[in-house]
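What follows is the residue order along each chain.
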Amino acid sequence: MLILEYWIQSALKQERIIVDFLITNWYVFLMAALSGAFLFFPKLMGDNSGNGMELGEAILKMNREKGVLIDVREPDEYAKVYVAQSKNIPMGQIAEKLPGSVKNKALPVLFICASGARTGKAVKIAKQLGYENAYSVAGGMRSWVEANMPVVTAAQNEKKQG
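Definitions and limits used
Position numbers for residues count from 1 along each chain, tracking the sequence in the order it is written. Per-residue local features of the predicted model are confined to residues with pLDDT of at least 70, and side-chain atom pairs are confined, for both listing and counting, to 80 or more; whole-chain, interface and lining totals are unaffected and use all residues. The side-chain values count all of the structure's non-hydrogen atoms but skip hydrogen atoms and water molecules. Only DSSP runs of H or I reaching four residues or more are called helices, and only runs of E reaching two or more are called strands; each is numbered from the N terminus. For the exposure calls, accessible area comes from a 1.4 Å probe over protein chains only, and a residue counts as buried if that area is under 20% of its type's maximum, exposed if over 50%, partly exposed in between. Note on definitions: a residue-residue contact is assigned when non-hydrogen atoms from the two residues lie within 4.5 Å. Here, a salt bridge means any side-chain nitrogen of Lys or Arg that lies within 4 Å of a carboxyl oxygen of Asp or Glu. Two N or O atoms form a polar contact when they lie within 3.5 Å of each other; inside protein one atom must be a possible hydrogen donor and the other a possible acceptor, and for residues adjacent in sequence the pair counts only when both atoms belong to side chains. Per-residue confidence from the predictor is reported as pLDDT, which spans 0 to 100. Only strands joined by at least two bridges in the DSSP assignment are considered to pair.

**Q** Provide a residue-level description of the overall build of the protein chain, including the pertinent values.
**A** The helix and strand tally for the protein chain stands at eight helices and six strands. Secondary structure elements in the protein chain, listed N-terminal to C-terminal, are α-α-α-β-α-β-β-α-β-α-β-α-β-α. For the protein chain, the proportion of its 162 residues judged to be buried stands at 31%. Of the contacts made within the protein chain by residues no fewer than 6 positions apart, 67% connect residues no fewer than 24 positions apart.

Quick look at the structure:
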């Protein structure tokens, strides 16, 4: 009987230690839960930027299959630096302006933004509009610039106009 009582007291003591630890360190568990939520939030919102097409593959689609590059950044972002072959359709206007800009729904449509975070939603909208060959460019303009691909800057535009 003594062994059983000792074992129960020991188990209760351990349980109290665990509960005390959890109460004392609640913020650690909150941070872990928030970290997990932030990891899954883009997937819940329909963002597939993590599954975006690599830059080299996107360029091949543009060159070989006449893919159309759509920049979904806002006009002020676009004016600072953009890919010369791109068309600017801000994210909020994709549903209205995409059909007028890309009439052939069989062509690859490549979406690019600053970092690749916004394009997942654009791909989803394009697919709903019937563009089955819609893709996100992984890394966005950041990866384009880092790869030393040609861009047009605001300074270059001012020289042309001046």
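Resuming the write-up.
**Q** I'd like a description of the pattern of salt bridges, backed by residues and values.
**A** Note that side chains of opposite charge can pair when their charged atoms are close. All told, the structure shown has three salt bridges when counted by the stated rule. We note a salt bridge from R73 to D71, for which the minimum N-O separation is 2.8 Å. Take D71: its relative accessible area is 0%, and that puts it in the buried class. Between E77 and R118 there is a salt bridge, with its nearest N and O atoms 2.9 Å apart. In this pair, E77 is assigned in helix α4 (residues 75-80) and R118 in the loop between β4 (109-112) and α6 (119-128), connecting sequence segments 41 residues apart. With a relative accessible area of 25%, E77 lands in the partly exposed category.

**Q** Describe the side chain of S86, with residues and values.
**A** Here S86 lies in the loop between β2 (81-82) and β3 (87-88). A polar atom in the side chain of S86 sits 2.6 Å from the backbone oxygen of V83. If we ignore the near neighbours within four places in the chain, the residues touching S86 are L69, D71 and Y78.

**Q** Got a sec to walk through the confidence of the model for the protein chain? Specific residues and values, please.
**A** The predicted model of the protein chain has a mean per-residue pLDDT of 86, with 89% of residues at 70 or higher. Within the protein chain, the element-level pLDDT minimum falls on helix α8 (residues 154-161), averaging 68, and the maximum on strand β1 (residues 68-71), averaging 97.

**Q** Can you explain unusual backbone geometry? Please cite residues and give values.
**A** One non-glycine residue, K66, adopts positive backbone phi at about 55°. Considering the arrangement of structural elements, one finds K66 in the loop between α3 (55-64) and β1.

**Q** So what's going on with the pairing of β4? Which residues, and what values?
**A** Of the two faces of β4, both are covered, the one formed by V109 and F111 as well as the one formed by L110 and I112. Of the strand pairs in this sheet, β1 and β4 are connected by four bridges, and their pairing is parallel. When the sheet's bridge partners are listed, I70 is paired in β4 with F111. As judged from the three bridges shared by β4 and strand β5 (residues 134-136), these two strands associate in the parallel manner. By the bridge assignment, L110 is partnered in β5 with Y135.

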